[in-house]
Amino acid sequence: MSSIDRSQSAGGTRTYEVRTYGCQMNVHDSERLSGLLEDAGYVRAPEGADGDADVVVFNTCAVRENADNKLYGNLGHLAPKKASRPGMQIAVGGCLAQKDRDTIVKRAPWVDVVFGTHNIGKLPVLLERARVQEEAQVEIAESLEAFPSTLPTRRESAYAAWVSISVGCNNTCTFCIVPALRGKEKDRRPGDILAEVEALVAEGVSEITLLGQNVNAYGSDIGDREAFSKLLRACGNIDGLERVRFTSPHPRDFTDDVIAAMAETPNVMPQLHMPLQSGSDPVLKAMRRSYRQERYLGIIEKVRAAIPHAAITTDIIVGFPGETEEDFQQTLHVVREARFAQAFTFQYSKRPGTPAAEMDGQIPKAVVQERYERLVALQEEISWEENKKQVGRTLELMVAEGEGRKDGTTHRLSGRAPDNRLVHFTKPDQEVRPGDVVTVEITYAAPHHLLAEGAVLDVRRTRAGDAWEKRNTAEQAKPAGVLLGLPKIGVPEPQPAVASGCGCD
């Protein structure tokens, strides 16, 4: 029986699958897309459906060079399935859709809907219109129609959540196409943000991540330069909210009042993701980044003075046009000085439409690869050394769902430390649910994770764990969900250094 036959036998209910690529903003947008589709009567396809859903939605990224190839390869894979299944629909949204528009339908005429970053709320209407009119619907809004948080949401976690505080970006980095696709920064009202956080906590969420393309520039649109630090402090006054994180800030806007708010607000976690991109002043100037090496290292020094145990992560681009060996050595110098817990490293990728794509001095691939390997080797060494400093410490972990790929065979569970390090720990005798909190002692360190091999010292059942249990019980009565390929908790999951991402903050 085909998927469409199954849905018809279940009373006409149509299934959907969302496939997400790129940054955390896309992750959050996909939660909105899922919520919109469920609000319109669709249900998630069973896990492992692999394109057998009645509606397959691609939420795309345009930052990396292979984004186009990946999309069209996946669309080509679905073409024969769609041809054999009348009624199946394919939609493409996100940054690549905003950029390529009509090109998508020309290259893949079996696509039914193309929508942009500013009008995700139109997806159900566009799908229905494509079905009735039997022709592709391409609708790209040039500016934001409604702030995404006003849309229905199907959150990926019952105990942790993204909360968008702004959309768009006012920066003009020469390597980045995101501002052209996401538009100028638009801030939410503080009261609306806090109301959403309070509502989430009332539902059982105990960890939130404040999300923005340039999150600490929050306030520029509403005329308050200290709005972000005030927002962090306000989150500290919400009962039941145990952990607050944010991503991604920009060094230009990272002010002393934000550092003070982080240090003085107990539920703001000792974690900071601060994109570097390059340690070379000439390269930073060519990138049109508004800080230099001294300013960047000064911020790191202030953060470490105020929050000694803070784990600091970063983004770095290798091989930007014109980068010399001396420029690259300056990047290595900053990495040694900053001692990042982890770095997300990217080989420069030429993107049409960006000033950097037209610059002289494009670096040969072999040179970029060799520098990239040296950077990764240095950062792996530093990550391991920094993780070894955690051995012997007693930490509280929020138990995570599905983050330890080997947990089943090792009889362990996994959780996140306050500084967001991933910790695998011995499974205790008593039941522990995602969202609960355990206390463990760290016994071993690897470059990308920690182990707590002894007995769990304490288990604290939480409202977040209750929320996960309630949701999990309810989900068992429905068709199993298909994963979006996203983090299961409200913070970015540590990935190998070669992982794709925005890298544009």
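Here, the structure is the one placed above.
All figures in this text were calculated on a predicted structure; none of them were measured in a lab.

Procedures and definitions
Residues numbered from 1 in each chain as written. Predicted model: local features only at pLDDT ≥ 70, side-chain atom pairs only at ≥ 80, totals over all residues. Heavy atoms only, no water. Core = buried A, V, L, I, M, F, W, Y, C linked by side-chain atoms within 4.5 Å. Buried < 20%, exposed > 50% of the residue type's maximum accessible area, 1.4 Å probe, protein only. Helix = DSSP H or I, 4+ residues; strand = E, 2+ residues; numbered from the N terminus. Contact = heavy atoms within 4.5 Å. Axes fitted to C-alpha atoms, helices over the stretch in contact; angles between N-to-C directions. Parallel < 35°, antiparallel > 145°, perpendicular 65-115°, else oblique. Nonpolar A, V, L, I, M, F, W, Y, C, P; charged D, E, K, R; others polar. Pairing = 2+ DSSP bridges.

## Re the nonpolar core
- In this structure, I208, L210, L232 and F254 are the most contacted members of the largest nonpolar core, which totals 68 residues.
- L75, L78, M88 and I177 belong to the second largest nonpolar core, which has 23 residues in total.

## A closer look at the environment of L272
- Looking at the secondary structure, you find L272 in strand β12 (residues 271-273).
- The buried category is assigned to L272, whose relative accessible area is 1%.
- Between the C-alpha atoms of L272 and I312, which are 40 residues apart in sequence, the distance is 4.8 Å.
- Excluding residues within four positions of it along the chain, L272 makes contact with F246, P249, F254, M262, V303, A311, I312 and T313.

## Section: helix α9 (residues 227-235)
- All of the buried residues in α9 are A227, F228, S229, L231, L232 and C235.
- Where α9 is buried, its residues meet α8 (190-202), β10 (207-211), β11 (243-247) and α10 (256-264).

## With respect to the packing of helix α12 (residues 293-306) against helix α13 (residues 325-338)
- Two numbers describe how α12 lies on α13: the axes approach to 11 Å, and their chain directions differ by 10°. What the angle tells us is that α12 and α13 run roughly parallel. Judged by residue contacts, Q293, Y296, L297, I300 and R304 of α12 engage Q330, H333, V334, E337 and A338 from α13.
- Residues belonging to the contact of α12 with α13 are distributed by class as follows: five nonpolar, three polar and two charged.

## With respect to the sheet that holds strand β18 (residues 437-441)
- Within the open sheet, the seven strands sit side by side as β19-β20-β17-β16-β15-β18-β21. Their pairing is mixed. Two strands lie at the open edges of the sheet, namely β19 (444-445) and β21 (458-460), each paired on one side alone.
- In the sheet, β19 pairs with strand β20 (residues 450-452) via two bridges, with the strands oriented antiparallel. Residue pairing for β20: Y444 is matched across the bridge by L451.

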